[in-house]
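Breakdown of the fold
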Amino acid sequence: MNKAFVKESDQDDDEEGAALALAIPPGSKNYITPAGYQRIKDELLRLIDVDRPEVVRIVHWAASNGDRSENGDYIYGKRRLREIDRRIRFLTKRLDLAAVVDPSVHHGSDQVFFGATVTYINGAGETHTITIVGIDEFDPLHGKISWVSPVARAITKAHEGDVVTLTTPHGAEQLELLEVSYPAPVEQ
């Protein structure tokens, strides 16, 4: 159906494109761990194979009931279908741009690279343990930070025992790297 007859805009798609462009530094790849790639792929397949067909079935049933203008199932179903389609486009773009990096190749190294789990102590004496992951995988509540975050950028390429300077809005802060580890390689 032509968008002239529907009360929706391309604004949401533009916002996703802007978020996609802002999150990944220009000239960089969308680095992601194998587990993160699999999670996105699983979500995409679930949306395509399970969620979308179910919503299409509901919309088809609701449309067959007659007047669509006051049919809540139809209106909600069409809205949910647009949301699912938007998410499918977003995830597809993310997977197309993804560069899967296996952090286990650095197993045994004491230098910080993508995928490292790092324990550090800050100037206030607080100990933190973080894992450097992809933009699509970050979860600060569980200690997973994006590789483009200020902390990750400050400690990348440093070695266990090094003291690095993190520039914050409150001034420079010293971080001492206590431990650097990587997941063990998976044998196949």
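Residues numbered from 1 in each chain as written. Predicted model: local features only at pLDDT ≥ 70, side-chain atom pairs only at ≥ 80, totals over all residues. Heavy atoms only, no water.

Ranked by size, the top nonpolar core spans 21 residues in total, and within it Val112, Val118, Ile130, Ile132, Ile155, Leu175 and Leu177 carry the most contacts. If you list the elements that add at least two residues to this core, you get strand 3 (117-121), strand 4 (127-133), helix 4 (150-155), strand 6 (163-168) and strand 7 (171-181). Ranked by size, the runner-up nonpolar core spans 15 residues in total, among them Ile40, Ala63, Ile88 and Phe90. (Core = buried A, V, L, I, M, F, W, Y, C linked by side-chain atoms within 4.5 Å. Buried < 20%, exposed > 50% of the residue type's maximum accessible area, 1.4 Å probe, protein only. Helix = DSSP H or I, 4+ residues; strand = E, 2+ residues; numbered from the N terminus.)

Scanning the entire structure with this criterion turns up two aromatic pairs. A ring pair is formed by Tyr31 and Phe114, whose centres lie 6.2 Å apart and whose planes are at 50 degrees; its orientation type is tilted. On the criterion of sequence distance, the pair formed by Tyr31 in strand 1 (residues 30-32) and Phe114 in the loop between strand 2 (98-100) and strand 3 is long-range, its members being 83 residues apart. On the basis of relative accessibility, which here comes to 29%, the residue Tyr31 falls in the partly exposed class. Take Phe114: its relative accessible area is 13%, and that puts it in the buried class. Where Tyr31 meets Trp147, the ring centres are 5.1 Å apart and the plane angle is 75 degrees; that geometry is what we call edge-to-face. Pair noted here: Tyr31 is in strand 1 and Trp147 is in the loop between strand 5 (144-146) and helix 4, with a separation of 116 residues, a long-range link. (Phe/Tyr/Trp six-rings, centres within 6.5 Å; stacked < 30°, edge-to-face > 60°.)

Just geometry here; none of it tells us what the structure is for.
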